[in-house]
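Descriptive analysis of the structure
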Amino acid sequence: MILGCHVNFTNEQLLGSVKQALDYGANALMFYTGAPQNTIRKDLDVEKIKEAHKLLKDNNFAIENVICHAPYIVNLANNKDLDKWHFSINFLKQELKRCQELGVKYIVVHPGSAVGIAKDIALKNISDALNLIILDDSPMILLETMAGKGTECGSTLEEIKIIIDNVESKNIGICLDTCHLNDAGYDIRNFDELLKKVDELIGLKKVKCVHLNDSKNEIGMHKDRHENLGLGKIGFDVLYNITQNELLKDVPKILETPYIDKEYPPYKFEIASLKEGKINPNLIEDIKNFYKKLL
Ligand code: FE
Ligand code: FE
Ligand code: ZN
């Protein structure tokens, strides 16, 4: 099982991310190169990158399982304000460069929101932007399937397909987010059927990352509110089964579930419970007790 979670990048950059992931018992991780809601970025520390790679190697932690996530304010879909659109494009070019320096192979990107323009034009804008960003040898951009909140693009596999079909380079993949798929209206209880659809439209080989989240909302609500495993409307068994799916066995599953009381990271415990294959009925209490003891 390739299992990881969102980790910080603030202490020692990637080295700190790897240490944190190992502490959680993860063999995969995902990080933002800075705050997800802004584009202020610090220079990378070359020595720390080397140390991070040594630590990965010492722990048999494959670099393919280290995933970057672009900040969510980047919007490739709307070009009404051309300066803003070009800012997003240039920022993503820099993010790709940073990933390259970090040795990271994949970066998850939200396709964007149409906000006031027609969907088909928004989808075309995304492809146009990606054509300006992607190089055949750059780290691979993974378009994330979205919940369809507001005017979000990429909440159906068909929309993702349209975007990818208009990208010239083959160097593009996708990231399936279980909460987003559920909220977008896909029944992920029958995951094989969904994967069949993914394969027909986009190709299973393009799936390089799965975001494993429960959802606070029922199927099709277009909300995008993540929940801890087993405490939401998707449920533990459905999510556990996804980790066991043979077709995606080499694809990292990344938890982006909420902190408990906005303070305590749930990942050590959620990962343990997935490894055991059983729901932890005392998840919240166990997490709180563990971190309170550390304080
Ligand atoms: Fe995301
Ligand atoms: Fe996600
Ligand atoms: Zn989300």
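These numbers were taken from a predicted model, which means no experiment stands behind them.

Rules of the game
Residues numbered from 1 in each chain as written. Chains lettered and ligands numbered in written order. Predicted model: local features only at pLDDT ≥ 70, side-chain atom pairs only at ≥ 80, totals over all residues. Heavy atoms only, no water. Pairing = 2+ DSSP bridges. Helix = DSSP H or I, 4+ residues; strand = E, 2+ residues; numbered from the N terminus. Axes fitted to C-alpha atoms, helices over the stretch in contact; angles between N-to-C directions. Contact = heavy atoms within 4.5 Å. Donors = N, O, S within 2.8 Å, 3.2 Å for Na, K, Ca; no water. Buried < 20%, exposed > 50% of the residue type's maximum accessible area, 1.4 Å probe, protein only. Parallel < 35°, antiparallel > 145°, perpendicular 65-115°, else oblique. Left-handed = near helix turned anticlockwise from the far one by under 90°. Nonpolar A, V, L, I, M, F, W, Y, C, P; charged D, E, K, R; others polar. Right-handed = clockwise from strand over helix to strand, strands pointing away.

Digging into the sheet that holds strand S4 (residues 106-109)
Taken together, eight strands build a closed barrel; the order of strands is S1-S2-S3-S4-S5-S6-S7-S10 and the barrel is parallel. Neighbour to neighbour, the strand axes of the sheet diverge by 30° on average, direction disregarded. Where strand S5 (residues 140-144) lies against strand S6 (residues 172-177), four bridges are found, and the strand directions are parallel. Bridge pairing in S6 links Ile-141 to Ile-172. Across the sheet, helix H1 (residues 14-23) lies against strand S2 (28-31) and strand S3 (66-69), angled at about 135° from S2, the strand it touches most. Across the face of the sheet, helix H5 (residues 157-165) comes into contact with S5 and S6 while running at roughly 155° to S5.

Things to note about the coordination of the iron ion (ligand 1)
With distances of 2.1 to 2.3 Å, the protein atoms coordinating the iron ion (ligand 1) are His-69 (NE2), His-110 (NE2) and Glu-144 (OE). In this model, the iron ion (ligand 1) sits 3.3 Å from the iron ion (ligand 2), the two metals being bridged by Glu-144. Here His-110 lies in the loop between S4 and helix H4 (119-133) and His-69 lies in strand S3, a separation of 41 residues in the sequence. A single burial state applies to His-69 and to His-110, both of which are buried.

A word on unusual backbone geometry
In the Ramachandran plot, Gln-13 falls in the positive-phi region, its phi being about 50° despite a non-glycine side chain. By secondary structure assignment, the location of Gln-13 is in the loop between strand S1 (3-6) and H1. Taking the relative accessible area as the measure of exposure, Gln-13 reaches 12% and is therefore buried. If you check the backbone angles, Asn-60 has positive phi at about 55° while not being a glycine.

A few points about the packing of H4 against H5
As a packed pair, H4 and H5 sit with axes 8 Å apart at the nearest point and diverge in direction by 45°. Classified by the angle their axes make, H4 and H5 are oblique. Where H4 crosses over H5, the two elements pack in a sense that is right-handed. Within the contact between the two elements, H4 uses Lys-119, Leu-123, Ile-126, Ser-127 and Leu-130 and H5 uses Glu-159, Ile-162 and Ile-163. Here the contact of H4 with H5 is composed, by residue class, of five nonpolar, one polar and two charged.

Side note on the pairing of S2
Of the two faces of S2, the one carrying Ala-28 and Met-30 and the one carrying Leu-29 and Phe-31 are both buried. Sheet analysis places S1 next to S2, joined by three bridges and oriented parallel. Bridged to Cys-5 within S2 is Leu-29. In this fold, S1 hands off to H1, which returns the chain to S2; that crossover is right-handed. Pairing of S2 with S3 involves three bridges; the strand directions are parallel.

A short note on the side chain of Ser-88
For Ser-88, the location among the structural elements is in helix H3 (residues 82-102). Those residues in contact with Ser-88 that sit more than four places away from it in its chain are Val-74, Asn-75 and Leu-76.

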